[in-house]
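# Structural features, examined
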Amino acid sequence: MKVSTKGEDLYRFLLELVRIPSVSPGAEENRIANFIKGVLQETPYFKEHPQDLMLVPMERDPFGRHILFAVVRAKPETSNTLILMGHMDVVDTSACGTLKDLAFDPEQYTKEIRKINLPPDARKDLESGEWLFGRGISDMKGGIATGVAMLCEAAWGNFSPGVNLAGLFVCDEENNSGGMLRAVSLLADLQEEGLKFSGCIDLEPTFAGGGEGGPSIYLGSIGKINPFFYFVGKETHVGEYYEGLTAASMVSQLNVILDGNPKFADQLEGISYPPYGCMRQVDLRREYSATIMTKAIAFYSYLTASKMPREIMEEILHLSLEAQRRATEQYEKYAKEYIERNGSGGTIKKWEPKAFTYGKLFSMAREKLGEQKLKKLIEEALGGCPKGSDEREKAFAMIEAIAEELDIQPPFSVVGILPPWYPHRTNLCRNKGEKLMRQTAQVVATEAQSKFGVNLKIRKMFEGVSDLSYCGFEGCAEDMEAVRDNLPGWGELYDFPGEALLKLDIPILSFGPHGKDAHKNTERIHVPYFLEVYPQLLKKAIDTIAELSTV
């Protein structure tokens, strides 16, 4: 099929991409990768240079998925290379309710969705006739379509920015970003082979909603880290409640202290980002018992813009101790009141809270058991996990097994990190690359206003996590080690390319079509902007980066 950035060509190509139900994780992600590869293979450049178009397999992937990398090399030859990046996968259609079977057919879905109740903003957009609805149409098949079309034009010789133009299209972004994690090593290898990455533009759509909505270009990408807290109390029968100490109180105190507390929100240049949010809280008992809750675990998502892992580990270690302190104070208060009410003359136990990082816990277990016995302990713990357990549930099993083996006197807590981890990327004009991207954003915003009358907003951070997190790392080796040492199953349950990531420092922008309501049943893209404005502004961004990177 003919693929270009011209309106009708681009529109038809978008529909073809959306029709492929590339829900993550799943085998359909391979189908869309092969489809895009097939489109590129039909161009003169890739017929002549097939080695510049590659499907790269994800390692140990149960679905046998691949990422796609393509590069159209410039003439005259140069090492300067600009990457257009995006994810080919989408979330499922469960949010689409009775229309879920139509969600991958945008034109039909847009006709049918008018028959159901819609929020006022979505209804207004629908009635305007300027928006097309469907799963993945905004997040992010629109950006993928434009990026592939741009590569096709370069491969046909119709677009020559003066630098190598590369496309990196990945799978699994909506799951654990396994595709981009695989790409990190590829990019590091290509860099060692001589490519110089002058920038990476993620083609993600506008993320902000409500009054903050509208076409946007982003200078950075928010980070996300998932701290966990494992609490152990002292068992007792509920009929002898004050002979023990419940873990329920500890994890509850932690939530009171931490969940949604703006005091702990990360900040960058005077802007606060969302604070810790509790994602899960679990009683680790597997059967009914009259014993009080003695083991509990909770994990949080925390968005970062400046804090690094070492600082976060120190913070959560302190918070776990504070939660225990409050729980033991509550125990003493309630036990005293109970004794006074009951007149039993019982004794009030004294508790000594303790807190460990997972790294410390693991070291203690290795010292006690040795490498082989510890390995066997972990294998047995993982083998006992129910079929279908995810990385976080398997990590819980590891933590519990190691803690039980050490027989630590309760109460105590263990803190660490769960996958996935997205390091933040910011633009503070610290180097040439960041200055180049900031200048490019300003040039594109000026072009949008003067040529199209569009107010293109320049934002500091992409409001949703993105694969741009893996284009470089703003911390140091010690920060990387803080995650490595405190993430259960690092290298096994979660294969993170830490060494390769430290080799990369690719300047970034996030700039995609104008979309709304990603992951919702009202996901949609603004068609006039997508077809008439965005491709020209993306070309302007590419040309500007190419020009400035050669100065």
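Calculation rules
- Residues numbered from 1 in each chain as written.
- Predicted model: local features only at pLDDT ≥ 70, side-chain atom pairs only at ≥ 80, totals over all residues.
- Heavy atoms only, no water.
- Helix = DSSP H or I, 4+ residues; strand = E, 2+ residues; numbered from the N terminus.
- Buried < 20%, exposed > 50% of the residue type's maximum accessible area, 1.4 Å probe, protein only.
- Areas by Shrake-Rupley, 256 points an atom, 1.4 Å probe, with all protein chains shown as cover.
- Lys, Arg positive; Asp, Glu negative; His and termini not counted.
- Charge placed at Lys NZ, Arg CZ, Asp CG, Glu CD.
- Salt bridge = Lys/Arg side-chain N within 4 Å of Asp/Glu carboxyl O.
- Pairing = 2+ DSSP bridges.
- Phe/Tyr/Trp six-rings, centres within 6.5 Å; stacked < 30°, edge-to-face > 60°.
- Lys NZ or Arg CZ within 6 Å of the ring centre and 35° of its normal.
- Axes fitted to C-alpha atoms, helices over the stretch in contact; angles between N-to-C directions.
- Expected span 1.5 Å × (residues − 1).
- Contact = heavy atoms within 4.5 Å.
- Domains from an automatic or database assignment.
- Buried area = accessible area lost by both parts, 1.4 Å probe.
- Polar contact = N/O pair within 3.5 Å; in protein donor to acceptor, adjacent residues only side chain to side chain.

The chain appears in an unreviewed UniProt entry as Peptidase M20 from Thermovirga lienii.

## Considerations on the overall build of the chain
Across its full length, the chain holds 16 helices and 18 strands. Dimensions along the principal axes, computed over C-alpha positions, put the chain at roughly 90 × 55 × 45 Å. Looking at the 551 residues of the chain, the share that counts as buried comes to 57%. Of the roughly 23,400 Å² of accessible surface on the chain, 49% is carried by carbon and sulfur atoms. Distance from the positive charge centre (63 side chains) to the negative charge centre (78 side chains) of the chain: 2 Å.

## As for the pattern of salt bridges
According to the stated counting rule, one finds 42 salt bridges in the structure shown. The salt bridge involving Lys 115 is made with Glu 112; its shortest N-O contact spans 2.9 Å.

## A few points about the side chain of Asp 202
Secondary-structure assignment places Asp 202 in strand S6 (residues 196–202). Despite its burial, Asp 202 pairs with no opposite charge, the nearest such side chain being Arg 425 at 11 Å.

## Focus: the pairing of strand S3 (residues 80–87)
Look at any regular strand and the pattern is simple: side chains alternate between the two faces of the sheet. S3 sits mainly inside the fold: eight of its eight residues count as buried. Residues Asn 80, Leu 82, Leu 84 and Gly 86 line one face of S3 and the alternating positions Thr 81, Ile 83, Met 85 and His 87 line the opposite face, and both faces are buried. The pairing of S3 with S6 spans six bridges and is parallel. If you follow Ile 83 over to S6, its bridge partner there is Cys 200.

## Topic: the packing of aromatic side chains
Applying the stated rule across the entire model yields 22 aromatic pairs. Taken together, the aromatic side chains of Trp 421, Tyr 422, Tyr 470, Phe 473, Trp 490, Tyr 494 and Phe 496 make up a single cluster linked through ring pairs. The ring of Trp 131 carries the charged tip of Arg 524 above its face, separated from the ring centre by 5.6 Å. We note Lys 539 situated over the ring of Phe 159; from NZ or CZ to the ring centre the distance is 5.5 Å.

## Some remarks on unusual backbone geometry
Cis peptide bonds are those with omega within 30 degrees of zero, and the linkage from Ser 24 to Pro 25 qualifies with -5°. For Pro 25, the position within the fold is in the loop between helix H1 (7–19) and helix H2 (28–41). With omega at -5°, the peptide bond leading from Pro 419 into Pro 420 counts as cis. Relative to the helices and strands, Pro 420 is located in strand S14 (residues 412–422). Phi is positive for Arg 60, close to 55°, though the residue is something other than glycine. By the secondary structure assignment, Arg 60 is in the loop between strand S1 (53–57) and strand S2 (66–72).

## Details of the sheet that holds strand S13 (residues 354–357)
With mixed pairing, five strands are arranged side by side in an open sheet as S11-S12-S8-S14-S13. For this open sheet the edge positions go to strand S11 (277–283) and S13, each flanked by a neighbour on one side alone. For this sheet the average axis-to-axis angle between neighbouring strands, irrespective of direction, equals 20°. Two strands pair when backbone bridges link them, and S11 and strand S12 (residues 295–304) are joined in this way by six bridges, in the antiparallel orientation. Residue Arg 280 lies in a different strand from S12, and its bridge partner there is Phe 299.

## Remarks on helix H6 (residues 137–155)
Here H6 spans 25 Å end to end across 19 residues, near enough to the 27 Å set by a 1.5 Å rise per residue. Here H6 lies mainly inside the structure; 19 of its 19 residues are buried. Backbone geometry just after H6 places Gly 157 at a positive phi near 85°.

## Points about helix H7 (residues 178–192)
Working note: α-helix, 3.6 residues per turn, so residues spaced by three or four point in the same direction. The terminal C-alpha atoms of H7, which comprises 15 residues, lie 22 Å apart, in line with the 21 Å expected from a rise of 1.5 Å per residue. Along H7, the residues classified as buried are Gly 178, Gly 179, Met 180, Leu 181, Ala 183, Val 184, Leu 186, Leu 187, Ala 188 and Leu 190. Looking at the buried positions of H7, the neighbouring elements they touch are S1, S2, S3, strand S5 (164–170), S6 and helix H15 (498–502).

## A short note on the sheet that holds S1
Strand order in the open sheet formed by eight strands is S1-S2-S5-S3-S6-S16-S7-S15, with mixed pairing between adjacent strands. The two strands at the open ends of the sheet, each matched to only one other strand, are S1 and strand S15 (457–459). Pairwise comparison of adjacent strand axes, ignoring direction, gives a mean angle of 20° for this sheet. Of the strands in this sheet, S1, S2 and S5 touch H2, which is tilted by about 20° from S2. This element, helix H13 (residues 432–452), spans S6, strand S7 (216–218), S15 and strand S16 (508–511) of the sheet and lies at about 25° to S16.

## Some details on the environment of Glu 42
In this structure, Glu 42 sits in the loop between H2 and helix H3 (44–48). Distance from Glu 42 to Gly 512, taken between C-alpha atoms, is 25 Å for residues 470 residues apart in sequence. For Glu 42, the contacting residues outside a window of four places in its chain are Lys 47 and Trp 156.

## Quick look at the domain arrangement of the chain
What the domain assignment lists for the chain is domain 1 (7–222 + 424–471 + 506–550) and domain 2 (224–421). Computed over C-alpha atoms, the centres of domain 1 and domain 2 are 40 Å apart. The partner domain 2 presents 15 residues to the nine residues of domain 1 that form the contact. Buried surface at the junction of domain 1 and domain 2, both sides included, amounts to about 1,100 Å², of which 57% is carbon and sulfur. Viewed at the interface, domain 2 and domain 1 are joined by one salt bridge. Across the pair Glu 269 and Lys 460 runs a salt bridge, and its minimum N-O distance is 3.0 Å. Between domain 1 and domain 2 we count four residue pairs in polar contact (both at pLDDT 80 or more) in total.

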